[in-house]
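Below are the chains, spelled out letter by letter.
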Amino acid sequence: MRKKIVAGNWKMNMDLAEGLKFAGSIEKYFKESPSEKVLVILCPPFIHLAGMADILKHGKVALGAQNCAAEASGAYTGEVSAWMIKSTGAQYVIIGHSERRSYYHEDDKLLNKKTLLAINSGLKVIFCCGEVLKEREAAQHFLIVRRQLEEGLFSLTAEQMDMIVIAYEPVWAIGTGLTASPDQAQEMHKYIRELVKEKYGNDCAKKLPILYGGSCKPSNAAEIFSKPDVDGGLIGGAALKKEDFTAIVEAI
Ligand code: PEP
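Below is a summary of the structure that appears in this document.

On to the overall build of the protein chain, then. Along the backbone of the protein chain there are twelve helices and eight strands. For 252 residues, the compact-globule formula gives about 18 Å, and the C-alpha radius of gyration of the protein chain, at 17 Å, lands near that figure. Every one of the 252 residues in the protein chain was classed for burial, and the buried ones make up 50%. Working note: accessible area of the protein chain is about 11600 Å², and carbon and sulfur atoms make up 54% of it.

The structure is reproduced here in structure tokens:
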């Protein structure tokens, strides 16, 4: 059985004190009501990582970054490498979020490089893919996601794929209040699993967690998560409110 996962992407929210306090309250919640069947991951800004690794050391909640550099080390002012992230105690990194693809022009080739660096540093990767509204309206969504996976991910070996979680995030649903219907999510997740099966075989496809992201909230999470190929969620806005985030975890 695939592990269920709910990951919270805090984006550029909360200063250090706010973030550590919030992480402490999430950790306390899951210490008191452990979610045995669900792996919970918090992905704060870089500055929170080391402090949060200490707060989350009981292992009830895992920790991830939202991005990493495309180089291993050196003269890259302002960048944070995968290895530095690993050294904080974090176990995951999000790569290919649509905000990185669109605002920072990160293309498939660059994301492939980041993914390999992250894996080689011992980090598991939450690899995001998804189409924009125009592409869905032009019925290009399968083609787009296929390209993102083939060019961003499919240079990995089957062994390296064990370090991957895929997040399908239709860009038109991120932060917009619009959500893919449970059937739309299932259709794309099934397609992604088939692509992975074609490339890596059935065993790899069967154990790969595929998360849905895009305006997931307590009121729609249970229905989306009930679909057979949806293994959990990558949560943005609702990850910033304890009641909403914990309710989404419980919806699984
Ligand atoms: C995200 O940014 O990954 C996301 C899913 O955001 P939201 O839940 O706010 O749509």
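It is worth spelling out the pattern of salt bridges at this point. Side-chain pairs of opposite charge can arise where the charged atoms are in close proximity. This structure, assessed with the given rule, holds 18 salt bridges. One salt bridge connects arginine 146 with glutamate 150, and the closest N-O pair in it is separated by 2.9 Å. In this pair, arginine 146 and glutamate 150 are both assigned in helix 7 (residues 141-152), four residues apart and thus about one turn of the helix distant. Several salt bridges converge on common partners, so that one network encompasses Arg2, Arg193, Asp229 and Asp231.

Before going further, it helps to spend a moment on the nonpolar core. In this structure, Leu149, Ile166, Ile192 and Val196 are the most contacted members of the largest nonpolar core, which totals 65 residues. Looking at which element gives the most residues to this core, the answer is helix 9 (residues 182-200), with seven residues. Residues within four places of leucine 149 in sequence aside, it is in contact with Phe127, Cys129, Phe154, Ile166, Ile192 and Leu195. Ala62, Tyr92, Ile126 and Val165 belong to the second largest nonpolar core, which has 13 residues in total.

The element strand 1 (residues 4-9) is largely enclosed, with a buried count of five among its six residues. In terms of strand pairing, strand 1 meets strand 2 (residues 38-43) through six bridges, oriented parallel. Bridged to isoleucine 5 within strand 2 is leucine 39.

Time to look at the site of the ligand. The immediate surroundings of the ligand are formed by 14 residues, with Lys11, His97, Glu169, Gly175 and Ser215 found nearest. The separation between an oxygen atom of the ligand and a polar main-chain atom of serine 215 is 2.7 Å. Between the ligand and the protein, one listed contact pairs an oxygen atom with a backbone N or O atom of glycine 236 at 2.9 Å. Relative to its free-state accessible area of 290 Å², the ligand is covered by the protein chains to the extent of 96%.

Okay, unusual backbone geometry next. The phi torsion of most residues other than glycine is negative, and most of the peptide bonds are trans. Phi is positive for methionine 14, which is not a glycine, with a value near 75 degrees. Position of methionine 14 among the secondary structure elements: in the loop between strand 1 and helix 1 (16-32). In this structure methionine 14 comes out as partly exposed when scored by relative accessible area, which is 23%. Positive phi outside glycine occurs at histidine 105, with the angle close to 55 degrees. Looking at the element boundaries, histidine 105 is found in the loop between helix 4 (98-103) and helix 5 (108-120). Histidine 105 gets classed as exposed once you look at its relative accessible area, which sits at 67%.

With respect to topology, eight strands assemble into a closed barrel ordered 1-2-3-4-5-6-7-8, the strand pairing being parallel. Put simply, the sheet's adjacent strands are angled 30 degrees from each other on average, direction ignored. As defined by bridge partners, strand 3 (residues 61-65) adjoins strand 4 (residues 92-95) across two bridges and the pair is classed as parallel. Bridged to alanine 65 within strand 4 is valine 93.

On the secondary structure map, lysine 4 appears in strand 1. Owing to a relative accessible area of 21%, lysine 4 belongs among the partly exposed residues under this scheme. Between the C-alpha atom of lysine 4 and that of alanine 62, which follows or precedes it by 58 residues, the distance is 13 Å.

Packing of helix 5 against helix 7 leaves a shortest axis separation of 8 Å and a crossing angle of 45 degrees. Overall, the two elements helix 5 and helix 7 adopt an arrangement that is oblique. Along this stretch, helix 5 crosses helix 7, giving a crossing that reads as right-handed. On helix 7, the residues touching Asp108, Leu111, Asn112 and Thr115 of helix 5 are Arg147, Gln148, Glu151 and Gly152. Looking at the contact of helix 5 with helix 7, its residues break down into one nonpolar, four polar and three charged.

Calculation rules
Counting from 1, residues in each chain are numbered in the order their sequence is written. In view of the model being predicted, local features appear only for residues whose pLDDT reaches at least 70, and side-chain atom pairs are presented and counted only at 80 or more, with totals across whole chains, interfaces and linings using the full set of residues. Each side-chain value is worked out from all heavy atoms of the structure, with water and hydrogens disregarded. Numbered from the N terminus, helices here are DSSP runs of H or I no shorter than four residues, and strands are runs of E no shorter than two. Our radius of gyration looks at C-alpha atoms and nothing else; its globule reference is 2.2 Å times the residue count to the power 0.38. The classification of residues rests on relative accessible area computed with a 1.4 Å probe and restricted to protein chains. Under 20% of the type maximum is buried, over 50% is exposed, and intermediate values are partly exposed. Here, Shrake-Rupley sampling with a 1.4 Å probe gives the accessible areas, and only protein chains in the shown set may cover a residue. Salt bridge, as applied in this entry: a Lys or Arg side-chain nitrogen positioned within 4 Å of an Asp or Glu carboxyl oxygen. To qualify as a nonpolar core, a set must consist of buried Ala, Val, Leu, Ile, Met, Phe, Trp, Tyr and Cys residues joined through side-chain atoms within 4.5 Å. Should any heavy atoms of two residues lie within 4.5 Å, those residues are counted as being in contact. Any two strands with at least two DSSP bridges between them are considered paired. Distances are taken per atom, and a residue is near a molecule or strand as soon as one of its heavy atoms is within 4 Å of it. Within 3.5 Å is the distance limit for a polar contact, defined as a pair of N or O atoms, with the added protein rule that one can donate a hydrogen and the other accept it, and that residues adjacent in sequence qualify only through two side-chain atoms. Note on geometry: axes are C-alpha line fits, over the in-contact stretch for helices, and angles between N-to-C directions span 0 to 180 degrees. Angle categories are assigned with fixed cut-offs, so that under 35 degrees is roughly parallel, over 145 is roughly antiparallel, 65 to 115 is roughly perpendicular, and the rest are oblique. A clockwise turn of the near helix away from the far one marks a right-handed crossing, whereas an anticlockwise turn of less than a right angle marks a left-handed crossing. Gly is placed with the polar residues, together with every amino acid not listed as nonpolar (Ala, Val, Leu, Ile, Met, Phe, Trp, Tyr, Cys and Pro) or charged (Asp, Glu, Lys and Arg).

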